[in-house]
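Commentary on secondary and tertiary structure
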Amino acid sequence: MGKAKGDVLQGTLDLLILKTLDAGPMHGYGIASRIEQVSEELLRVEEGSLYPALHRIQQTGWIRAQWKHSENGRPAKFYRLTAAGRKQLQSEEERWRKLTRGVSKILRFA
Amino acid sequence: MSWIQRLAASLRSQKLEQDLDKELAFHLDMRIREKIAAGAAPDDARRDVLRRFGSVDRAKEACREQSTLAWLSAFRQDLRYAARNLRKNRAFTAAAAACLAIGIGANTVVFSFVNAFLFQAVPAGVVRVAPASGGPLSYAEFQDWQRLNQVFDRTFAYAPGELFTIGRGVESQQVLGETVLGDYFRTLAVVPAAGRLLDASDEHQPLAVISHQLWRSRFHSDPAIAGQILWIDRQPFVIAGVAPAAFHGMMAPWTTDIWATAALHRDRFADRNMGWLTAGAHLKSGIAPHQAAAAMNSLTAELKRQHPNPQPSAPDPIVVDRPGLSTSPVWQVFVVMSALLMAVVAIVYLIACANVAGLLIARAAARRREIFIRLSLGVSRGRLVRQLLTESLLLGVLGAAAGAALAFIAGDALAALFPKSIGHGLPFQHTIDLRVLAWTLTLAVASVLFAGLLPSLRASRQNLAAPGRTPRLRQLLIVAQVAASVLVLATAGVFVRGFQKALALNPGFDSTHLLTVDLNLSDLHYSRPQAQDFYRKVRDAVAALPGVESVALADVLPLGNRREVRIPQIGTVATAAVDADYFRTMGIPLLRGRAPDGDEASLAVVNQALADRQPTDELLHRQVVGVVPNAPQWSLAESPRPFFYQIATQFDQPIAALAIRTAGPPVNFAAKVTQTIQRLNPELPPIAAQTGEQRLRMWLEPQRAAALLLGTLGLAALALAITGLYALLAQLLVQRTPEIAVRVALGAPRRKVIALLLRQSAIPVAAGTATGIAASAIVAHVLAAGIGAIGELDAVTLVAIVALLTTVGAAATSIPAYRALRIDPASALRSE
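Each residue is numbered by its place in its chain's sequence as written, counting from 1. As they are written, the chains are lettered A onward and the ligands numbered 1 onward, keeping that order. Given that the model is predicted, a residue must reach a pLDDT of at least 70 before its local features are reported, and side-chain atom pairs must reach 80 or more before they are shown or counted; all residues, however, enter totals for whole chains, interfaces and linings. Note that water and hydrogens are dropped before the side-chain values are worked out from all heavy atoms of the structure.

Salt bridges are counted wherever a side-chain nitrogen of Lys or Arg sits within 4 Å of a carboxyl oxygen of Asp or Glu. This model, assessed by the stated rule, comprises 24 salt bridges over all chains. Where D581 of chain B meets R584 of chain B, a salt bridge forms, and the shortest distance between an N and an O atom there is 3.4 Å. Classification of D581 of chain B by relative accessible area gives partly exposed; the value is 30%. The buried label goes to any residue with under 20% of its type's maximum accessible area, the exposed label to any with over 50%, and the partly exposed label to all in between, with areas taken from a 1.4 Å probe on protein chains only. The exposure class of R584 of chain B is exposed, given its relative accessible area of 55%. Among the ionic contacts, a cluster of salt bridges with common partners joins E36 and E47 of chain A together with R31, E34 and R52 of chain B.

So this is what it looks like as structure tokens:
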């Protein structure tokens, strides 16, 4: 399985998940759909690695999971951002902005 | 898959697995619906979705690893890292593990003794029912209680501490037995290991229950043991079953081997005044002990009216309390000593932990660079602490393994130390079972907390800027260690002084040149005239031996069996029947009056304590002719109790003792005397002769054992503390070598360098000694309250301890000091 165009860059998946959950609790399918929708299909989440990522982030305590009924009535596992997660999101966003600013400067002037 | 993953897989709960399945299924379903809504055929939709998702199994495996293996794999990593580190620093590992092995081993071995008895739980609602004086009950009294009481639903009575001869001829052996009546086993909730146990309906059958130990040693754990015949005191009994290994009977800490019905004691049933039983019962639900006591008191009052005693006796109310069912004379001492030893080994353990903590702190200082690099590479503090704690855990497990092995070896040596001869060689139970191993493991894990936590927390706060400053924490640890070892040593000193005092105690008779022989004619089944005749022959034959100065007969000797009678208006009084030659033979001086002559009957000699109560001749049914000084009768530690000798001209009971005054050392006569007696009747079971000194010494054995044991533990504690001190000084010297080198190079006198080290060692040792002595004064006080005056914390002990501490403290300082003197400034500075 080759890397499809638009797959999420290694290491940025965490940031995208945290940012998406900032809007409110959501299940894995919702997170994937929302990332694609908001990025206007520019980004595609590799689904095979979405769930391991969710479970890993859960271990760090940035998100919590809970079984709830989804929009269509089926029970789904909803993830929710914790206070620590919110803090982590801020620093990740900051880091990302610095990185992109740096990279784009180089692209412009180098 | 490695073993650890398989382990994790087996541990992983079904719930988590189901959750994972459901979560992924939901995702795939939603995707399929989305495709179908967009117009795809269901089959195509499913295929597309699965292709896009990739391997579902791999995703699941990745999820599992994230959630459950996260800590496990980290732990595995930590373990590997810790093992590598410990292997690399062999000396450190060996020192730390040895400290823990001593600490944990000492705990394990003491616990293996205490375990067997302190946890022999008495079920809730079981009480002891006894007169306040502690006197025994007669069979008829117990029968009435059993029949008439309204407050108990089960009752039982027991007479522990009987010596039974089991088997016949060459196969016979003496064991500790107990007569049981009523619902003994059921009330105590004992379940059989084989066959069945005795209950109230068995009372008149010749039935017996054997101990697990006897079952194993004599019957090779024969599963068909029930129904076999066992000869007890030359009477056939049927074995009903086997008691469980954990049940030891009512002579704990000695282990009873036979529980028999009262079939051997039918001759005692009729006599209402013959007390020989102790009673216990289970309270009916809703009845409190004090209510039961009130009911029992009105019952005994009613019984007294029905069976008036011609001799009025002092009121003796019934007391109902939680047992203490053991009637062993050493039980109280055993409990206090167990508590003391547990406390002492706990201290030794803490000292060992403090040592390991000290070693870890020292090593953390040596690993500062490594730890700092790891921290700056982004390892989180929590992770680093966890890693260092894993090292402590590994050390703890190593120490526990070595400690358990140590305990296994030391257990038998320790069992041999315990006073055997008081109980006629009765064994103390000690086994390393699951409970003991659980305790050992608990200590290993606790050592992580005690020894590892502080050093690893400190280590994780390392920064390169702080150089080797005076390790104040380690100094404090050494103060505590020295104090604790002084405490243990001083406690040992109390016992040593008590032992010396007991040695010097006047037993009331002249133990030199004295030989004693205990005779038991039970197996011969003599009639009374036959017994009389036999004793006379024994006395004459022994008296005729060359070198024998005088011979006397008595039914009990001091520090031997107990005999008591109830005397109206005075109460229970200890007594012995002796012949007229007794006082001369035993070397007992008379304070007043005269020694009786050979053929006078109905005379008595009283001790000072009884004389003070001014008994009339009528009360004793004898004419009092003499008074002897107070002397210990049952044990060396007792306070004076009223006592009188009944002067007898004839002995006809199956049990008696011979006292022999010899011209030379009595031990030379032992063989000759026993042979002479044995020749009079070859059927007599083997008899043993003891010298007066041996008789005294067996009563000193508990003190001797305690002094030896505590002394050993005290020295182990001191050795650990001093090792800690030495390690501190050595480390300090290493840290300061460059500084010292500079000072010396600049011309500082070397004695200043030595003074620096001396200060480091003298201050904690002095502070620790002072604290330890203050604490031991308190402990000595508490001990005196617990088991009576064993000894005292006197100046001799204190001076000895201070001298010892000063010596070993100086020795621990001298090696680092010598090294400091030899520091060569040039090479020391070059190596920096």
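From this point, the narrative continues.
Moving on, we come to the packing of helix α15 (residues 472-504) of chain B against helix α23 (residues 795-821) of chain B. Residues and elements named next belong to chain B. Here the axes come from fitting lines to C-alpha atoms, over the contacting stretch only for helices, and the angles between their N-to-C directions go from 0 to 180 degrees. Counting from the N terminus, the helices are DSSP H or I runs at least four residues long and the strands are E runs at least two residues long. Two numbers describe how α15 lies on α23: the axes approach to 10 Å, and their chain directions differ by 140°. By the angle class used here, α15 and α23 are oblique. Note on packing geometry: the crossing formed by α15 with α23 is right-handed. Here α15 contributes V482, V486, L489, A490, G493 and R497 to the contact with α23, which in turn contributes V796, T797, I801, L804 and L805. Reported orientations rely on four angle classes, namely roughly parallel under 35 degrees, roughly antiparallel over 145, roughly perpendicular from 65 to 115, and oblique for the rest. It is the rotation of the near helix from the far one that decides the hand of a crossing: anticlockwise by less than a right angle makes it left-handed, clockwise makes it right-handed. Throughout, a residue-residue contact means that at least one pair of heavy atoms, one from each residue, lies within 4.5 Å.

This paragraph deals with the nonpolar core. The biggest cluster of nonpolar side chains holds 46 residues, and the ones touching the most others in it are V356, L395 and F495 of chain B. Contributing elements (two or more residues each) for this core: α6 (90-118), α11 (331-366), α13 (381-417), α14 (434-460), α15 and α21 (692-745) of chain B. Not counting residues within four places of it along the chain, the set of residues in contact with V356 of chain B comprises A96, C99, L100, L395 and A451 of chain B. Throughout, nonpolar core names a set of buried Ala, Val, Leu, Ile, Met, Phe, Trp, Tyr and Cys residues whose side chains join them through atoms within 4.5 Å. Formed by 28 residues, the second largest nonpolar core is a distinct cluster that contains I17, M26 and I35 of chain A together with L28 of chain B.

Attention now moves to the packing of helix α1 (residues 13-22) of chain A against helix α2 (residues 28-38) of chain A. All names here are of chain A. Contact pair α1 / α2: the axes reach a minimum separation of 10 Å and the direction vectors enclose 95°. By the angle between their axes, α1 is roughly perpendicular relative to α2. For the pair α1 and α2, the contacting residues are L16, I17, T20 and L21 in the first and I31, R34 and I35 in the second. Class assignment of the residues belonging to the contact of α1 with α2 gives a composition of five nonpolar, one polar and one charged. Note on residue classes: Ala, Val, Leu, Ile, Met, Phe, Trp, Tyr, Cys and Pro are nonpolar, Asp, Glu, Lys and Arg are charged, and everything else, Gly too, is polar.

Our focus in this paragraph is the interface of chain B and chain A. At the interface, 22 residues of chain B touch 24 residues of chain A. What counts as buried area is the accessible surface, traced by a 1.4 Å probe, that two parts surrender upon association, with contributions from both included. With both sides pooled, the region where chain B packs onto chain A buries about 2200 Å², and carbon together with sulfur makes up 55% of that total. For the pair chain B and chain A, the number of links is six salt bridges. A salt bridge links D29 of chain B to R74 of chain A; the shortest N-O distance between them is 2.5 Å. A 3.5 Å cut-off defines polar contacts: any pair of N or O atoms within that distance qualifies, except that in protein one atom must be a possible hydrogen donor and the other a possible acceptor, and neighbouring residues in sequence count only when both atoms are side-chain atoms. Along the contact surface separating chain B from chain A lie 12 residue pairs in polar contact (both at pLDDT 80 or more).

Moving on: the pairing of strand β7 (residues 235-242) of chain B. All names here are of chain B. Judged from the two bridges that link them, strand β4 (residues 194-195) and β7 form a sheet pairing that is antiparallel. Looking at the pairing, G195 lines up with G241 of β7. With four bridges joining them, strand β5 (residues 207-210) and β7 adopt parallel strand pairing. Within the sheet, the bridge partner assigned to L207 lies in β7 and is V238. Two strands pair when backbone bridges link them, and strand β6 (residues 229-232) and β7 are joined in this way by four bridges, in the antiparallel orientation. For two strands to pair, DSSP has to find at least two bridges joining them.

Residues and elements named next belong to chain A. Taken together, the three strands give an open sheet; going across it, the order is β1-β3-β2, and neighbouring strands pair in antiparallel fashion. The sheet is open, and its two edges are formed by β1 (26-27) and β2 (63-69), each paired on a single side. On top of the sheet, α1 reaches β1, β2 and β3 (75-81); it is set at about 95° to β3, its chief contact. Packed onto the sheet, helix α3 (residues 47-60) meets β2 and β3 and runs at close to 50° relative to β3.

Residues and elements named next belong to chain B. Mapping V744 onto the fold places it in helix α21. Spatially, the C-alpha atom of V744 lies 10.0 Å from that of A826, the residues being 82 residues apart in sequence. In this structure, V744 is in contact with R750, V753 and P825, ignoring residues within four places of it in sequence.

The next thing to look at is the pairing of strand β11 (residues 514-520) of chain B. All names here are of chain B. With respect to burial, β11 is a largely interior element, five of its seven residues being buried. Looking at chain direction, β11 and strand β19 (residues 655-662) are connected through seven bridges and run antiparallel. For N520, the partnering residue across the bridge sits in β19 and is I655. Bridge count between β11 and strand β20 (residues 689-691): three bridges; the pairing is antiparallel. Counted as the bridge partner of T516 is Q690 from β20.

Turning to a positive patch on the surface, a few remarks are in order. Residues and elements named next belong to chain A. Patch membership needs two things, relative accessible area over 30% and no salt bridge, and members are linked within 9 Å if like-charged or within 5 Å if nonpolar (Val, Leu, Ile, Met, Phe, Trp, Tyr). Under the convention used here, a 1.4 Å probe and the Shrake-Rupley method define accessible areas, while residue burial counts only the protein chains that appear. In this tally, Asp and Glu contribute negative charge and Lys and Arg positive charge; neither His nor the terminal groups of the chain are included. Where a charge lies is defined by one atom per residue type: Lys uses NZ, Arg uses CZ, Asp uses CG and Glu uses CD. A surface patch of like charges, here positive, comprises R97, K98, R101, K105 and R108. For R101, the location among the structural elements is in helix α4 (residues 83-109). Judged by relative accessible area, which is 47%, R101 ranks as partly exposed.

Right, let's talk about the side chain of S39 of chain A for a bit. Tracing the backbone through its elements, the reader meets S39 of chain A in the loop between α2 and α3. The class of S39 of chain A is buried, set by a relative accessible area of 14%.

With that settled, the discussion passes to the side chain of E47 of chain A. Among the secondary structure elements, E47 of chain A is positioned in helix α3. For E47 of chain A, a relative accessible area of 1% gives the class buried. Separated by 2.5 Å, the side chains of E47 of chain A and R31 of chain B make a polar contact. A distance of 3.2 Å separates the side chain of E47 of chain A from the side chain of R52 of chain B, its partner in a polar contact. Ignoring sequence-local partners within four residues, the contact set of E47 of chain A consists of H27, R31, R52 and F53 of chain B.

Aromatic pairs are defined between Phe, Tyr and Trp rings, using the six-membered ring for Trp, whenever the two ring centres lie within 6.5 Å; interplanar angles under 30 degrees are classed as stacked, those over 60 as edge-to-face, and all others as tilted. Scanning the entire structure with this criterion turns up 16 aromatic pairs over all chains. Both rings, one in Y184 of chain B and one in F185 of chain B, keep their centres 4.9 Å apart while their planes meet at 85°; by these two values the pair is edge-to-face. Judged by its relative accessible area of 1%, Y184 of chain B falls in the buried class. These aromatic residues form a ring-pair network of at least three members: F156, Y158, Y184, F185, F247 and W259 of chain B. Note on criteria: charge over ring means Lys NZ or Arg CZ within 6 Å of the ring centre, with the direction from the centre no more than 35 degrees off the ring normal. One cation-aromatic arrangement involves K68 of chain A over F78 of chain A; the distance from NZ or CZ to the ring centre is 5.5 Å. It is K672 of chain B that lies over the ring of F669 of chain B; its NZ or CZ is 4.9 Å from the centre.

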